[in-house]
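# Report on the structure
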Amino acid sequence: MSLILPMMAFALAASISPGPVNLVCLSSGARYPLSKGLIFVTGASLGFIALFLAIGLGLYSVLTVVPGFDSLLRWTGIAFLLYLSVQLFRDNGHLPTGEQQKPPGFITGTVMQWLNPKAWLASASGIGAYTSGHDLTEIILFAALYLPICWLSLSCWVYAGAFLRRYIHEPKVLITLNRGLALLLAASCVFLLIEQ
């Protein structure tokens with residue numbers, strides 16, 4: 001029990017704090033039906049837990065063994081996030097009707113976590129701080145606690161977007177929201193570059 005509460009607090013802080021995935025959740029909630037946003041959330045949550053377990057089982061050591069792997073990961077992740085920023089910035093502000101535009105789905109959520117340097121750092125720092133690093137039981141316990149917390153945290157961002165959707169009646173309002181989110185997403189890329 002002495003480990004469970006700190007693990008849960010860390011998982012909540014890491015999951016609910018603003019980041020690239022959270023911004024996509026907010027945008028998805030504002031633009032698409034709630035169910036579509038929750039599909040993205042499920043992919044992102046399961047993708048993160050798969051990454052978390054992989055890092056806990058030693059994948060993070062690849063960063064120290066393979067020269068340039070950390071740079072490749074960072075630049076691939078930043079390129080993907082910038083691509084999403086551009087798509088969001090260029091959006092025309094019209095809410096989709098039917099299947100005109102495809103919302104980010106399960107696979108996008110999963111891949112986004114594996115390309116998200118914030119997810120790698122959260123996994124590595126959480127495992128380093130709250131587990132011995134070699135105890136599989138602790139890593140599995142941490143992942144089991146993290147999964148529902150991550151899912152609920154990301155869902156809050158989708159619900160916040162759905163709440164905002166009620167107030168978006170004109171395309172120019174949605175264009176302003178999307179461009180603001182796109183700029184924040186691009187700024188998170190700049191932050192990732194500065195932090196390295």
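The numbers attached to residues start from 1 for each chain and follow its sequence in the written order. Confidence filtering applies because this is a predicted model: local features only for residues at pLDDT of at least 70, side-chain atom pairs given and counted only at 80 or more, and all residues used for totals across whole chains, interfaces and linings. Computation of side-chain values covers all heavy atoms of the structure but excludes hydrogens and water.

## Some thoughts on the overall build of the protein
Definition in use: Strands are runs of DSSP state E lasting at least two residues, helices are runs of H or I lasting at least four, and both sets are numbered from the N terminus onward. Working definition: with a 1.4 Å probe on protein chains only, accessible area under 20% of the residue-type maximum means buried, over 50% means exposed, and in between means partly exposed. Note on contacts: a residue pair qualifies if any of its non-hydrogen atoms lie within 4.5 Å across the two residues. The accessible surface values rely on the Shrake-Rupley method and a 1.4 Å probe; as for residues, cover is taken only from the protein chains in view.
Secondary structure assignment for the protein yields nine helices and zero strands. From first element to last, N terminus to C terminus, the protein shows the α and β order α-α-α-α-α-α-α-α-α. Burial status across the protein gives 43% buried among its 196 residues. Sequence separation of at least 24 residues holds for 88% of the intrachain contacts in the protein that already meet a minimum separation of 6. Roughly 9,900 Å² of accessible area belongs to the protein as shown, and the carbon and sulfur atoms make up 72% of that amount.

## Re the confidence of the model for the protein
Fine structural detail should not be taken from predicted coordinates in areas where pLDDT scores are low. What counts here: For every residue, the predictor states its confidence as a pLDDT score lying anywhere from 0 to 100.
On average, residues of the protein carry a pLDDT of 82, and 86% of them reach 70 or more. Looking at the elements of the protein, mean pLDDT is at its lowest for helix H4 (residues 61-65), recorded as 68, and at its highest for helix H8 (residues 136-165), recorded as 93.

## Quick notes on the packing of helix H1 (residues 4-16) against H8
Inclusion rule: Interaxial angle, 0 to 180 degrees, is taken between N-to-C directions of lines fitted to C-alpha atoms, where a helix line uses only the stretch in contact. Should the near helix be turned anticlockwise from the far one by less than a right angle, the crossing is left-handed, and should it be turned clockwise, the crossing is right-handed. Throughout, the ten residues Ala, Val, Leu, Ile, Met, Phe, Trp, Tyr, Cys and Pro are labelled nonpolar, Asp, Glu, Lys and Arg are labelled charged, and all others, Gly among them, are labelled polar.
Two elements in contact, H1 and H8, have axes separated by 8 Å at closest approach and are oriented at 35 degrees. Our pair here, H1 against H8, has a crossing hand that is right-handed. Counting all contacts with H1, which are made through Ile4, Met7, Met8, Phe10, Ala11, Leu12, Ala14, Ser15 and Ile16, the residues of H8 involved are Glu138, Leu141, Phe142, Leu145, Tyr146, Ile149, Cys150, Ser153, Leu154 and Trp157. Looking at the contact of H1 with H8 residue by residue, the class counts come to 16 nonpolar, two polar and one charged.

## So, the layout of surface pockets
The following threshold applies: Only protein atoms enter the 1 Å grid used here, on which a cavity is any set of points holding a 1.4 Å probe that cannot leave and a pocket is any open set flanked by protein within 12 Å on both sides along at least five of seven lines; residues with an atom within 4 Å of a point are listed as lining. Grid points are joined across faces, edges and corners, and a volume is the space filled by probe spheres set on the points.
Approximately 570 Å³ is the volume found for the largest pocket. Around the largest pocket sit 19 residues that line it, and Tyr32, Leu84, Gln87, Lys102 and Pro104 are the ones nearest its centre. Going through the elements one at a time, helix H2 (20-31), helix H5 (69-89) and helix H6 (106-114) are the ones with two or more residues in the lining of the largest pocket. Ranked by residue count, the leading element in the lining of the largest pocket is H5, at five residues. Counted by class, the lining of the largest pocket contains nine nonpolar, six polar and four charged residues.

## Comments concerning the nonpolar core
How we decide: Side-chain atoms within 4.5 Å are what join buried Ala, Val, Leu, Ile, Met, Phe, Trp, Tyr and Cys residues into a set we call a nonpolar core.
The biggest cluster of nonpolar side chains holds 43 residues, and the ones touching the most others in it are Val21, Cys25, Phe52, Met112, Tyr146 and Leu154. At the level of secondary structure, the elements contributing two or more residues to this core comprise H1, H2, helix H3 (34-59), H5, helix H7 (117-130), H8 and helix H9 (171-195). In terms of residue count, H8 provides more of this core than any other element does, ten residues in total.

## Regarding the state of the cysteines
The line we're drawing: In this description, a disulfide is simply a cysteine sulfur pair whose atoms lie within 2.5 Å.
Evaluation of the coordinates by the stated rule reveals zero disulfides. Free of any disulfide, Cys150 has its nearest neighbouring cysteine sulfur in Cys25, separated by 8.6 Å. Classification of Cys150 by relative accessible area gives buried; the value is 3%.

## Side note on a nonpolar patch on the surface
Definition in use: Each patch is built from residues that are more than 30% exposed by relative accessible area and take part in no salt bridge. Like charges join if they lie within 9 Å; nonpolar side chains (Val, Leu, Ile, Met, Phe, Trp, Tyr) join within 5 Å. Salt bridges are identified by distance alone: a Lys or Arg side-chain nitrogen within 4 Å of an Asp or Glu carboxyl oxygen.
A contiguous nonpolar surface patch, about 430 Å² in accessible area, is contributed by Ile39, Leu46, Phe106, Ile107 and Val111. Counting only elements with at least two residues in the nonpolar patch, the list comes to H3 and H6. Counting residues per element, the nonpolar patch draws most heavily on H6, which supplies three residues. Looking at where Ile107 falls in the secondary structure, it is placed in helix H6.

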